[in-house]
Amino acid sequence: MDPEGPHSLTRRRLLYLLSAFAAGAAVGCATSPVTGRTQLMLVSEEEEIQIDRQNAPFQFSADYGQIQDSALNDYVRHVGQSLAARTHRGHMPYSFRVVNANYVNAYAFPGGSIACTRGILLSLENEAELAALLGHELGHVNARHTAQQMSKGKLTNTLVGGFSVVAGTVAGGLGQLAGTLGSIGAGALLASYSRENEREADALGMEYMVKAGYGPKGMVGLMDMLQSLSKSKPGTIELMFATHPMSDERYQTAVKTSQTQYASAQNLSLSRERYMDQTARLRAMKNTIEELQKGEQEMAGKKLGDAEAHFRNALKQTPNDYAGLVMMATCQIVQKKPAEGLRYSEAAKSVYPQEAQAYNLSGFAKLQTRDFGGAYQDFNTYEKVLPGNPTTFFFKGFSLEGTGNKEEAAREYHRYLQVVKEGKFAQHAYGRMVEWGYYKR
Ligand SMILES: [Zn+2]
């Protein structure tokens with residue numbers, strides 16, 4: 001492995017970008033693949049793909065991983081690929097998946113890794129709306145919005161070196177694990193687009209969906225759904241609107257464009273029946289997903305008892321739901337009930353062993369009971385499943401310290417300090433390294 005840690009390249013790149021601006025020199029330009037106009041661009045296509053590969057797996061895992069219903073996943077991938085083939089950057093390594101998260105969202109990383117949540121699939125009414133959603137995300141990738149924002153220095157807090165920033169500002173000390181349970185803050189790795197970006201992604205989305213044979217009304221239906229959700233269930237859609245700013249203008253533009261520019265495509269199919277067939281199993285879980293949405297809202301408001309009641313209702317209906325089990329485990333651990341937390345995280349591990357979060361949680365539950373050896377095993381497995389999260393280096397070190405293995409603990413603390421320099425964890429790790437004689441003060 002790179003001796004400086006997996007994030008050293010992006011951090012070096014960030015420094016390069018910042019210094020390039022400070023010096024007012026070395027400004028690169030590139031032709032926009034979409035408009036043909038010249039745009040400020042300091043990020044190469046290879047870097048877009050690399051940033052995608054480094055960040056996307058963490059976001060997917062924070063969203064409880066790809067859904068285990070492979071037929072539904074294949075269906076969404078198929079719709080996505082049929083649009084991707086008609087984009088301006090058809091050569092990009094696009095991939096599509098549904099993630100187990102319950103809130104309403106969809107997002108794209110700059111190399112073309114695209115996800116939508118099961119929460120948003122539940123709210124769509126036909127395949128053309130799904131095509132509009134994926135087309136919009138493809139629009140962001142094709143117009144290179146993330147790379148553009150990085151070039152303007154606006155994304156330094158999220159994608160570039162996002163991990164070290166997030167990991168370094170984790171709330172609370174060692175005794176308060178709640179803030180670290182998710183490992184990354186919700187949406188911390190997602191780009192926030194401007195209104196201008198949204199306009200462009202909407203226009204491209206409609207272009208791609210019509211080329212793929214879908215009626216442009218799908219985009220109108222999507223906008224309509226998002227707007228009505230913002231009134232009926234604002235909490236479930238907060239993050240989507242924070243990253244993709246919504247406006248009445250977007251809806252009006254979709255209506256107008258569908259009737260003018262795409263008037264001749266008005267009668268293309270919306271494929272409602274096929275969408276309903278393909279999502280039937282998911283829609284049968286509507287009550288479960290809605291209970292989980294409510295529970296998440298209560299958790300966000302720190303009403304842990306109410307959250308627990310909703311999670312319990314959800315698990316009564318769907319006992320093996322991975323997201324439900326992980327949320328319940330988190331809720332128990334935050335309430336300092338490690339035995340219950342462990343029980344739910346073990347259940348989550350057994351229903352979805354390829355996903356990382358449950359290992360993290362059982363590690364925290366074991367730390368609460370001072371089972372340091374057991375906690376180390378869990379954090380170690382977490383790192384095997386999802387490598388590169390510096391917070392895990394710290395907790396591996398902390399567990400090893402608890403077992404009395406200073407030498408191995410120091411190795412992990414050193415790895416952590418290579419990536420994160422500030423915050424309570426860094427202070428703890430640095431203090432031990434000095435105390436044990438590995439670092440000179
Ligand atoms: Zn957007």
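Residues numbered from 1 in each chain as written. Predicted model: local features only at pLDDT ≥ 70, side-chain atom pairs only at ≥ 80, totals over all residues. Heavy atoms only, no water.

**Some remarks on the confidence of the model for the protein**
- This prediction gives the protein a mean pLDDT of 86; 85% of its residues lie at or above 70.
- Note that residues 14-27 has pLDDT below 50 and, in this model, 12 contacts with residues that lie over four places away or in other chains.
- The low-confidence segment residues 156-183, where pLDDT is below 50, has 69 contacts with residues more than four positions distant or belonging to other chains. (pLDDT = per-residue confidence, 0-100. Contact = heavy atoms within 4.5 Å.)

**Concerning unusual backbone geometry**
- The phi torsion at Ser 271 lies on the positive side, around 50°, for a residue other than glycine.
- Mapped onto the secondary structure, Ser 271 falls in the loop between helix 11 (248-259) and helix 12 (272-278).
- With a phi angle near 60°, Arg 370 is a residue other than glycine that sits in the positive phi range.
- Note that Arg 370 resides in the loop between helix 18 (357-368) and helix 19 (372-385).
- Classification of Arg 370 as exposed rests on a relative accessible area of 63%. (Helix = DSSP H or I, 4+ residues; strand = E, 2+ residues; numbered from the N terminus. Buried < 20%, exposed > 50% of the residue type's maximum accessible area, 1.4 Å probe, protein only.)

**So, the sheet that holds strand 3 (residues 95-99)**
- Strands sit in the order 3-5-4 across an open sheet of three strands; the sheet is mixed. Unpaired on one side and paired on the other, strand 3 and strand 4 (106-108) mark the two borders of the sheet. With direction set aside, neighbouring strand axes in the sheet form an average angle of 15°.
- Sheet topology note: the strand 4/strand 5 (residues 113-117) ladder contains three bridges and is antiparallel. The residue bridging Tyr 107 from the neighbouring strand is Ala 115, located in strand 5.
- Helix 2 (residues 45-62) contacts strand 3, strand 4 and strand 5 of the sheet and is inclined by roughly 15° relative to strand 5. (Pairing = 2+ DSSP bridges. Axes fitted to C-alpha atoms, helices over the stretch in contact; angles between N-to-C directions.)

**A closer look at the nonpolar core**
- Judged by nonpolar contacts, the single largest core of 55 residues is most densely connected at Leu 83, Leu 121, Leu 130, Met 209 and Leu 226.
- Here this core gets eight residues from one element, more than from any other, and that element is helix 5 (residues 127-142).
- Look past the residues within four positions of Leu 130 in its chain and what remains in contact with it is Tyr 75, Val 76, Val 79, Leu 121, Leu 124 and Tyr 275.
- Formed by 54 residues, the second largest nonpolar core is a distinct cluster that contains Tyr 103, Leu 315, Met 327 and Phe 372. (Core = buried A, V, L, I, M, F, W, Y, C linked by side-chain atoms within 4.5 Å.)

**Here we look at the side chain of His 244**
- Locating His 244 in the fold gives a position in the loop between helix 10 (234-243) and helix 11.
- Within polar-contact distance, the side chain of His 244 engages the side chain of Glu 137 at 3.1 Å.
- Every residue in contact with His 244, bar those within four places of it in the chain, is listed here: Asn 105, Ala 106, Tyr 107, His 136, Glu 137, His 140, Tyr 193, Glu 198 and Arg 250. (Polar contact = N/O pair within 3.5 Å; in protein donor to acceptor, adjacent residues only side chain to side chain.)

**Some details on the pairing of strand 5**
- The buried count for strand 5 comes to five of five residues, which makes it a mostly enclosed element.
- Covered by surrounding structure in strand 5 are Ser 113, Ala 115 and Thr 117 together with Ile 114 and Cys 116, the residues of both alternating faces.
- Of the strand pairs in this sheet, strand 3 and strand 5 are connected by five bridges, and their pairing is parallel. In the sheet register, Val 98 faces strand 5, and the bridge partner there is Cys 116.

**Let's talk about the coordination of the zinc ion**
- Within the first shell, the zinc ion binds the protein through His 136 (NE2), His 140 (NE2), Glu 198 (OE), Glu 198 (OE) and His 244 (ND1), at distances of 1.9 to 2.5 Å.
- Between the donor residues of the zinc ion, the gaps in sequence give the motif H-x3-H-x57-E-x45-H. One end of the pair, Glu 198, is in helix 8 (residues 195-211); the other, His 244, is in the loop between helix 10 and helix 11, with 46 residues separating them in the sequence.
- Its relative accessible area of 2% is what places His 244 among the buried residues. (Donors = N, O, S within 2.8 Å, 3.2 Å for Na, K, Ca; no water.)

**Some details on the packing of helix 21 (residues 406-419) against helix 22 (residues 424-435)**
- For the pair helix 21 and helix 22, the least separation of the axes is 9 Å and the interaxial angle reads 135°. Relative to helix 22, the element helix 21 is oriented oblique. The element helix 21 and its partner helix 22 pack so that their crossing is left-handed. Packed against helix 21, whose contacting residues are Ala 410, Tyr 413, His 414, Tyr 416 and Leu 417, the element helix 22 presents Phe 425, Ala 426, His 428, Ala 429, Tyr 430, Arg 432 and Met 433 at the interface.
- Split into classes, the residues belonging to the contact of helix 21 with helix 22 amount to nine nonpolar, two polar and one charged. (Parallel < 35°, antiparallel > 145°, perpendicular 65-115°, else oblique. Left-handed = near helix turned anticlockwise from the far one by under 90°. Nonpolar A, V, L, I, M, F, W, Y, C, P; charged D, E, K, R; others polar.)

**Brief notes about the packing of aromatic side chains**
- Tallying each qualifying case throughout the model produces 18 aromatic pairs.
- Judged by centre distance (6.5 Å) and plane angle (80°), the rings of Phe 372 and Phe 398 are edge-to-face. Placement of Phe 372 in helix 19 and of Phe 398 in helix 20 (residues 390-403) is noted, with a sequence separation of 26 residues between them.
- A relative accessible area of 19% places Phe 398 in the buried class.
- Members of the aromatic cluster, joined through ring pairs, are Phe 364, Phe 372, Phe 379, Phe 394, Phe 395, Phe 398, Tyr 413, Tyr 416, Phe 425 and Trp 436.
- For Arg 343, the ring lying beneath its charged end belongs to Tyr 344, and the centroid distance is 4.8 Å.
- The side chain of Arg 415 reaches across the aromatic face of Phe 393, ending 3.8 Å from its centre. (Phe/Tyr/Trp six-rings, centres within 6.5 Å; stacked < 30°, edge-to-face > 60°. Lys NZ or Arg CZ within 6 Å of the ring centre and 35° of its normal.)

**Some words on the pattern of salt bridges**
- Within the structure shown, the criterion is met by 28 salt bridges.
- With a shortest N-O distance of 2.9 Å, Arg 77 and Asp 74 are connected by a salt bridge. Taken together, the residues span about one helical turn, with Arg 77 and Asp 74 both in helix 3 (residues 70-84) at a distance of three residues.
- We classify Arg 77 as partly exposed; its relative accessible area is 33%.
- Asp 74 gets classed as partly exposed once you look at its relative accessible area, which sits at 39%.
- Across the pair Arg 312 and Glu 308 runs a salt bridge, and its minimum N-O distance is 2.4 Å. One end of the pair, Arg 312, and the other, Glu 308, are both in helix 15 (residues 304-317), four residues apart, so they sit about a helical turn from each other. (Salt bridge = Lys/Arg side-chain N within 4 Å of Asp/Glu carboxyl O.)

**What to know about the environment of Ala 409**
- Assignment of secondary structure puts Ala 409 in helix 21.
- Residues Ala 409 and Met 433 lie 24 residues apart in sequence; the distance between their C-alpha atoms is 9.3 Å.
- Sequence-distant contacts of Ala 409, that is, excluding residues within four places in its chain, are made with Gly 397, Leu 400, Glu 401 and Trp 436.

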